[in-house]
Amino acid sequence: MSKVNVQVVNRLRLVSAVLAGSQWPAYEQEQMGAHAVHPHAKATRHYVSDYADHPAVTTINALLPAGLDLSELFSTAVRCNWPTFEPQEPLPGRFSDGTWASQLGDFYVETALAAFFWAEQAAPWADAENDLRRIFNNDNLYQLLSQLSGTPPAQDLVIMPNLNYPALQAVVASNRDHIYLLLPPPKAVGESPPWPYRDGVDWVLAESCYQLSGFFLAENLARLAPRQQTLLRHAITITYLGQAQDEASALFYTIRCKKEDNLPEINAAVDVVRDYLTNPAGADLALRLDTALT
């Protein structure tokens, strides 16, 4: 049975709609620079604009100045049942008391998103799902990250296209049964709308691997300095691109790491990852990387 599935999860899609109705879109533009969003994101903002004063939205606005943990936000939704949003397991961080989960359920009822908006917006989601299913047609990413972690996770992986908000950030959320990767479409050049997933396969694979490596290898990464954490995650991504695409894709990503991310030692880190895959017995990845760089 496959450990990787591509699907649209309504609990997560609802959270993205709350973000659309909040001050998040303006915050995102301010923090990450001007950028075009998917037409569905614009349509969602228009649909939920009448609910700017709903408690689910104002709670998000109140959290923005101090920094909003998107992983905690989306994880809250998938740790509740659908559509009542009654918690089914402990909720994370600032959302642990269940207040926002209750507000989220009320937002779903008041906006009637499923009946009057999502039903009319089915086509772009179906296209995005089909694109990602063609890209992630095997378990290779899950198997690679599980092997590198040393301790495979108990959860299966769900990859979800996110045509809404956040528009530029992938988010990893989780509950006891699943790891969820919400993946935005590839950013286009300038002010053009994002590309379809099928037109940015290398980016889709690389971004997915980089983001998920932070979850799968959390224990290893916690023992490394921030720069080494980044280095290891990029090295894993290069290794994956070489397997999933070809060495040309891996080389292009390597050059980008050296020039744009100022990581001249990236080749040494890739050697560490590849050596671990060949000979996993002994020291774990964190210790091997630390040894190779000292």
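Residues numbered from 1 in each chain as written. Predicted model: local features only at pLDDT ≥ 70, side-chain atom pairs only at ≥ 80, totals over all residues. Heavy atoms only, no water.

## Section: the packing of aromatic side chains
Within a pair of aromatic rings, the relevant descriptors are the distance that separates the centres and the angle that separates the planes.
Here's step 1: A full pass over the atoms with the stated rule returns nine aromatic pairs.
Here's step 2: Aromatic pair Y142 and F216: ring centres 5.4 Å apart, planes at 90°, arrangement edge-to-face. Within this pair, whereas Y142 is found in helix α9 (residues 140-149), its partner F216 is found in helix α10 (residues 201-216), the two being separated by 74 residues in sequence.
Here's step 3: For Y142, a relative accessible area of 6% corresponds to the buried category.
Here's step 4: Classification of F216 as buried rests on a relative accessible area of 8%.
Here's step 5: Aromatic side chains F215 and F216 sit 6.2 Å apart centroid to centroid with 70° between the ring planes, which places their arrangement in the edge-to-face category.
Here's step 6: By relative accessible area, which is 28% here, F215 ends up partly exposed.
Here's step 7: Members of the aromatic cluster, connected to one another through ring pairs, are W82, F85, Y108 and W118.
Here's step 8: Residue placement shows R13 over the ring face of W125; its charged tip is 5.0 Å from the ring centre. (Phe/Tyr/Trp six-rings, centres within 6.5 Å; stacked < 30°, edge-to-face > 60°. Helix = DSSP H or I, 4+ residues; strand = E, 2+ residues; numbered from the N terminus. Buried < 20%, exposed > 50% of the residue type's maximum accessible area, 1.4 Å probe, protein only. Lys NZ or Arg CZ within 6 Å of the ring centre and 35° of its normal.)

## Observations concerning unusual backbone geometry
Here's step 1: Omega for the bond connecting W82 with P83 falls within 30 degrees of zero, at 5°, which places this linkage in the cis form.
Here's step 2: Position of P83 among the secondary structure elements: in the loop between α5 (70-78) and α6 (99-111).
Here's step 3: Within the chain, F85 stands out as a residue other than glycine whose phi angle is a positive 60°.
Here's step 4: Considering the arrangement of structural elements, one finds F85 in the loop between α5 and α6.
Here's step 5: With a phi close to 55°, N262 is a non-glycine residue in the positive phi region.
Here's step 6: Relative to the helices and strands, N262 is located in the loop between α13 (247-259) and α14 (266-278).
Here's step 7: Look at N262 and you get exposed, because its relative accessible area is 52%.

## Description of helix α4 (residues 55-63)
Here's step 1: Among all positions in α4, only A56, V57, I60, N61 and L63 are buried. Relative to the axis of α4, the buried residues are bounded by an arc of 165° and lie together on one face.
Here's step 2: Where α4 is buried, its residues contact α1 (10-21), α5 and α6. (Arc of directions from axis to C-beta. Contact = heavy atoms within 4.5 Å.)

## Quick look at the environment of A43
Here's step 1: Relative to the assigned elements, A43 resides in helix α3 (residues 39-48).
Here's step 2: Residues A43 and A20, spaced 23 residues apart in sequence, show a C-alpha to C-alpha distance of 9.5 Å.
Here's step 3: Setting aside residues up to four positions removed in sequence, A43 forms contacts with F117 and Q121.

## Quick notes on the pattern of salt bridges
Here's step 1: Summed over the entire model, instances satisfying the criterion amount to 10 salt bridges.
Here's step 2: E89 is the salt-bridge partner of R176, the closest N and O atoms lying 3.9 Å from each other. Within this pair, whereas R176 is found in the loop between β3 (171-174) and β4 (178-183), its partner E89 is found in the loop between α5 and α6, the two being separated by 87 residues in sequence.
Here's step 3: Linking D284 and R223 is a salt bridge whose minimum nitrogen-to-oxygen distance equals 2.8 Å. Placement of the pair is D284 in the loop between α14 and α15 (285-292) and R223 in the loop between α11 (218-222) and α12 (226-244), with a sequence separation of 61 residues. (Salt bridge = Lys/Arg side-chain N within 4 Å of Asp/Glu carboxyl O.)

## Examining the pairing of β3
A regular strand places its side chains so that they alternate between the two faces of the sheet.
Here's step 1: Here β3 shows a buried face lined by V171 and A173 and a second buried face lined by V172 and S174.
Here's step 2: For β3 and β4, the ladder comprises four bridges, and the chain directions are antiparallel. Pairing of S174 across the sheet is with I179, part of β4.
Here's step 3: Hairpin remark: β3 followed by β4, antiparallel, with three residues in the connecting loop. (Pairing = 2+ DSSP bridges.)

These results come straight from atomic positions and should not be treated as a statement about function.
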